[in-house]
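Okay, here's what each chain looks like letter by letter:
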Amino acid sequence: MILFFTVSLGNIPNEKSTLEIYMADPEVRIAQKIFCQIKNVKNNYRLRAILDSTLIYEKKGDLQDEEIFVADYSSLRAGEHNLTVQLLNGTEKIVAKAEKNWTTLHDGIPKVGINELNAICTDGTPFFPITSFMLNRSKFSNWPYPSPLDMASCINTLYFEGYYPEHNIASWKDYIQSGYSQGWYVIGPGRWDGFDKQNPRASDTNKLVEYVTATKDFPGLFGWVWDDEPNLGGRNKYNPAEIYRKWTELTHSYDTNHPVWVLYYGYQFTHNGSKYHTNRMKEYCYLFNEDRFGKKTAIADIVSLDYYPYEYATWHNWVSLEDYALALDRARKWNYDLFPIATCIESQDLHDPQKKGHDKPCGSPLRNNRGWTPGPDPVQLKNLIWVSVIHGVKAIQLFHYFCPIPKENVAVLQKFKKQIEKLTPVILGPEQSGISIAKMEHNGGRVDIMVRENDHRFYIIAANLKEKKENVTFRIAGISDGTTVDVYDEDRKINIQKGSFSDSFEKLAVHIYIFPDDVKEVPE
């Protein structure tokens, strides 16, 4: 579905017409939305888009200040490509133009690509990655250490090469092959022998190329990552956006079958309003980095962030679940929702005092009396995962250090993996359209929702962001009284009365509502 926004500009005859397109890098895209920013047009102007000499979109008259269309690359052959968007006046003269040139090295759909809904896909099928972080190969059958639990029941993808005495192409090959033999995809290397940890700007990009050319055809490969938290560090220590962008471009020049990931230090999206930190983050964000690149620029194909709202809640008074949700929203908004956003979450307590010579259990305060919040309990972990999904992430990454994951939390992770496998077409599918939904929290709390449509049914996924009980009424326009709503995985149903239904949310509760396929659309 193509959406149109904002108001018509009408006739502005004395101003120059302008056209700018917002788009992600197309190299690993199956398809993508192109956002056309238009200024100063008359009512008889026309917008058209041409992909390799083929007209793929056209609209005449009533042009809005933003027009959106989908460019489908699924049938393109390997080679050079051009997307040109033109604005024509009433006499068919081109008054403004924007274009993008790129090269693909694959025919048709990439092995791991991204569709127009920003879903990550394997051979064209949407896939929701759940990743480990830097998991050592010795722990593959010991998840999560030291508990002898099945790793495969919690994740489907490895992220960042685990421990080896030396990190080189041989270790990277072994990590991919070992992970794939367990049934997992692998994103990496993360650790590579050309990387200069003390000065990332001095890293050997010739080595980067060697990694790509040596392993780009490995069947277990899912994507590339070249640094962790590049935005973290002092003025001369952090890895600037320009450097990581060059690494992305270099990767694309040798492989267009696998996307480039980047994982940011996520607190800089909010950081209590600190301009120093938010300005640092904006260097990496599409809408704010034009002064650094000369044009709005994506740093990678997939952007992830880490933010641990429970672990650091007593360290910084602004760190909270709601601030975390804001960070996710800004990650999408500041990048114009052009590409997938992922998140790295805490699956247990991150601080182990014993590692620092303490004799206290995980979750205890540090010796300097700085309070330390224990890791999330099962209710908090389940909520954290689904709040992330509701706020638009396309992948979940687990930071499973530095304490064991309690078995109750492992059960949460196992259940989520089973649920997301069933719900992937819903979560990664189109937003629901044609139905008007309103909600009201009766106790002054906050319940966030996601609405999706799949196979003629629509879904409401709702999560309570407060540690107190909340009662919510959902009103659905056009729905028939007596309609039965299934509450997913809860073995209960709710009946619609007077076009609405109400439900109770315990603290941090999550509910998923499934509506039948005969719900009426809102009359036009």
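Structure: above.
Note that the structure is predicted; figures quoted are calculated from it, not measured.

Describing the sheet that holds strand β4 (residues 46-51)
Move 1: Ordered by their spatial adjacency, 4 strands build an open sheet running β5-β4-β7-β8, and the pairing between neighbours is antiparallel. Each edge of the sheet is formed by a strand with only one pairing partner; in this case those strands are β5 (54-60) and β8 (94-104). Sheet twist, expressed as the average angle between the axes of neighbouring strands with direction ignored, equals 10 degrees.
Move 2: The pairing of β4 with β5 spans 6 bridges and is classified as antiparallel. Residue pairing for β5: L51 is matched across the bridge by T54.

Digging into the sheet that holds strand β10 (residues 120-122)
Move 1: In space, the 3 strands of this open sheet follow the order β9-β10-β11, with antiparallel pairing throughout. Both outer strands of the open sheet, β9 (112-114) and β11 (125-126), are each paired with one neighbouring strand and no more.
Move 2: Note: β10 against β11, 2 bridges, orientation antiparallel. Residue T122 lies in a different strand from β11, and its bridge partner there is T125.

Re the nonpolar core
Move 1: Counting 116 residues, the largest nonpolar core has F128, W226, Y244, W261, W386, F416 and I427 as the members making the most contacts within it.
Move 2: For W386, the residues in contact, after removing those within four places along its chain, are F416, Q419, L423, I427, I461, V510 and I512.
Move 3: Within the second largest apolar cluster, 23 residues are counted, among which are I21, M23, Y45 and Y73.

Considerations on helix α2 (residues 205-215)
Move 1: Listed as buried for α2 are L208, V209, Y211, V212 and T215. The buried residues of α2 occupy one face: seen down the axis, they fall within an arc of 160 degrees.
Move 2: Looking at the buried positions of α2, the neighbouring elements they touch are α1 (169-181), β14 (185-189), β15 (221-225) and α3 (241-252).
Move 3: One side-chain oxygen of the residue at the start of α2 lies 3.0 Å from the amide nitrogen of N206, identifying that residue as D204.

What counts, and at which threshold
- Residues numbered from 1 in each chain as written.
- Predicted model: local features only at pLDDT ≥ 70, side-chain atom pairs only at ≥ 80, totals over all residues.
- Heavy atoms only, no water.
- Pairing = 2+ DSSP bridges.
- Helix = DSSP H or I, 4+ residues; strand = E, 2+ residues; numbered from the N terminus.
- Axes fitted to C-alpha atoms, helices over the stretch in contact; angles between N-to-C directions.
- Core = buried A, V, L, I, M, F, W, Y, C linked by side-chain atoms within 4.5 Å.
- Buried < 20%, exposed > 50% of the residue type's maximum accessible area, 1.4 Å probe, protein only.
- Contact = heavy atoms within 4.5 Å.
- Arc of directions from axis to C-beta.
- Polar contact = N/O pair within 3.5 Å; in protein donor to acceptor, adjacent residues only side chain to side chain.

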